[in-house]
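# Structure at a glance
Below are the chains, spelled out letter by letter.
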Amino acid sequence: MNLLQSENSISVIQSGTIIDKLPVANYLLKYNSQIEHYWLERIEDFSAPKKMYGDCSEMERWKTSWESDDRNLGILLRGIKGSGKTMYAKEFCRRMNMPVIIIAEQVNFESTSFLQFMSNPSFNNSIVFFDEYDKIMKDHEHKHSLLPLLDGSVSSKYIFVITVNDDSAISKYMTNRMNRIKYCKSFDDLDSSIIEEVIEDKLENKANASSVRALLDIIKIKTYDLLVNIINEMNLFNEDALTCAKYLNLRQEQRQYAVHEIIDGKEMYSKQLNVDFRIKGSDIELDDDYYIGLPYGVPVPGGFNAYVEVENTKVEMRGNEVHLHNQKTDRKFVLRVVSDYQYLPQY
């Protein structure tokens, strides 16, 4: 046991080594709310993935920005669940070769004791990693409480890496404020080229490749996590994806689209709507019970006027766009996927 004197107080501490610089490793922030006490607990390092899919060049941009400035750097990674945000963030942390402080639970970010703790000069030039920030900040009344830390109210210099599924958890005072969050990377459905690359690398029976594509179209979500788990199941039982899907925890995802009607060759925005589709074999068709339902909270001036009849309607998927053409009425629509947090203006 040792005695630690700070001004007029003396504390008893366990014997250990006094350090003036936080060693490069991963640490979990721990918090005792009863005595308002914070400490770091070392955890295992992030392991390097066998392969990173897609473009990782932004990591070098972030690194260059960090090294050329003496201020904090904020990075936001947002997108649908399972889209690879956490894997990308961890790989960035690993490549930076810096101490990583992981915050996985809500603490009193505005308290003097927290800000004093984060001002420890031993933490200087570290990464503060908030994974699934929306879960940490599930109490939205306190979603502004991180601002003092981002604003540099502590003396140490940090990179803040934040992943989020639900953008509503992000304070409006963090948007368009590059002194708080400078960079933003969005994660959505995988590009077809990446899907093909993953299939080529990981699927053992290539004869079942087409079933993977068909299943992803059916469930209407194409994330890395989902793709790899489906392929692992196919390899384990040597079955096609549609057979495996009967046993897996999968359901169709409802996507939200901005609906544009094409009039005289020009796209006229109608409104943001939810649309259900169904896959029949290799063809994409409108469900017999096809409808366009309004998401909660979206005003519809003038009433509902974006109805497209099922009969005589040609449907074509082009990436994240759905093109509809009713050959009977000659009405044409383009539906583009939008995120739940994004509301377009009404005309």
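To start, this report covers the structure provided alongside it. Bear in mind the structure is a predicted one, so any value in this text is a computation, not a measurement.

### A few points about the overall build of the protein
Check the secondary structure of the protein and you find nine helices and 17 strands. Out of the 347 residues belonging to the protein, those deemed buried represent 42%. Counted over contacts in the protein with a minimum sequence separation of 6, partners at least 24 positions apart contribute 67%. Counting every atom, the protein has about 19600 Å² of accessible surface; 46% of that belongs to carbon and sulfur.

### Some points on the sheet that holds strand β3 (residues 26–32)
Taken in spatial order, the seven strands of this open sheet run β4-β3-β6-β7-β8-β5-β9, and their pairing is mixed. Unpaired on one side and paired on the other, β4 (37–43) and β9 (183–187) mark the two borders of the sheet. Each adjacent strand pair in this sheet contributes to an overall mean axis angle of 25 degrees, direction not counted. In this structure, strand β6 (residues 100–103) lies alongside strand β7 (residues 126–130), joined through four bridges in parallel fashion. Considered in β7, the bridge of I101 is made with V128.

### Let's talk about the environment of V128
If you trace the backbone, V128 turns up in strand β7. Each C-alpha atom, one on V128 and one on V161, is 6.2 Å from the other, the two residues being 33 residues apart in sequence.

### Topic: the packing of helix α6 (residues 192–202) against helix α8 (residues 224–237)
In the contact formed by α6 and α8, the axes pass within 11 Å of each other and the chain directions differ by 30 degrees. In terms of orientation, α6 lies roughly parallel with respect to α8. The interaxial crossing formed by α6 with α8 has right-handed handedness. Contacts from I195, V198, I199 and K202 of α6 reach α8 at Y224, L227, V228, I231 and N235. For the contact of α6 with α8, the per-class residue count stands at seven nonpolar, one polar and one charged.

### Focus on the packing of aromatic side chains
In the structure shown here, the tally under the stated rule is twelve aromatic pairs. Taking the centre distance of 5.6 Å and the plane angle of 75 degrees together, the rings of Y88 and F187 count as edge-to-face. Within this pair, whereas Y88 is found in helix α2 (residues 85–96), its partner F187 is found in strand β9, the two being separated by 99 residues in sequence. The exposure classification of Y88 matches that of F187, with both residues buried. Linked through ring pairs, Y31, Y38, F114, F117 and F123 together constitute an aromatic cluster. The side chain of K157 reaches across the aromatic face of W66, ending 4.0 Å from its centre.

### Brief notes about helix α7 (residues 209–219)
For α7, every residue scored as buried is listed here: A209, S211, V212, A214, L215, L216 and I219. In this structure, the buried side of α7 is in contact with α6, α8 and α9 (241–245). In the segment just after α7, K220 is the residue with positive phi, at about 65 degrees.

Conventions adopted
Residues numbered from 1 in each chain as written. Predicted model: local features only at pLDDT ≥ 70, side-chain atom pairs only at ≥ 80, totals over all residues. Heavy atoms only, no water. Helix = DSSP H or I, 4+ residues; strand = E, 2+ residues; numbered from the N terminus. Buried < 20%, exposed > 50% of the residue type's maximum accessible area, 1.4 Å probe, protein only. Contact = heavy atoms within 4.5 Å. Areas by Shrake-Rupley, 256 points an atom, 1.4 Å probe, with all protein chains shown as cover. Pairing = 2+ DSSP bridges. Axes fitted to C-alpha atoms, helices over the stretch in contact; angles between N-to-C directions. Parallel < 35°, antiparallel > 145°, perpendicular 65-115°, else oblique. Left-handed = near helix turned anticlockwise from the far one by under 90°. Nonpolar A, V, L, I, M, F, W, Y, C, P; charged D, E, K, R; others polar. Phe/Tyr/Trp six-rings, centres within 6.5 Å; stacked < 30°, edge-to-face > 60°. Lys NZ or Arg CZ within 6 Å of the ring centre and 35° of its normal.

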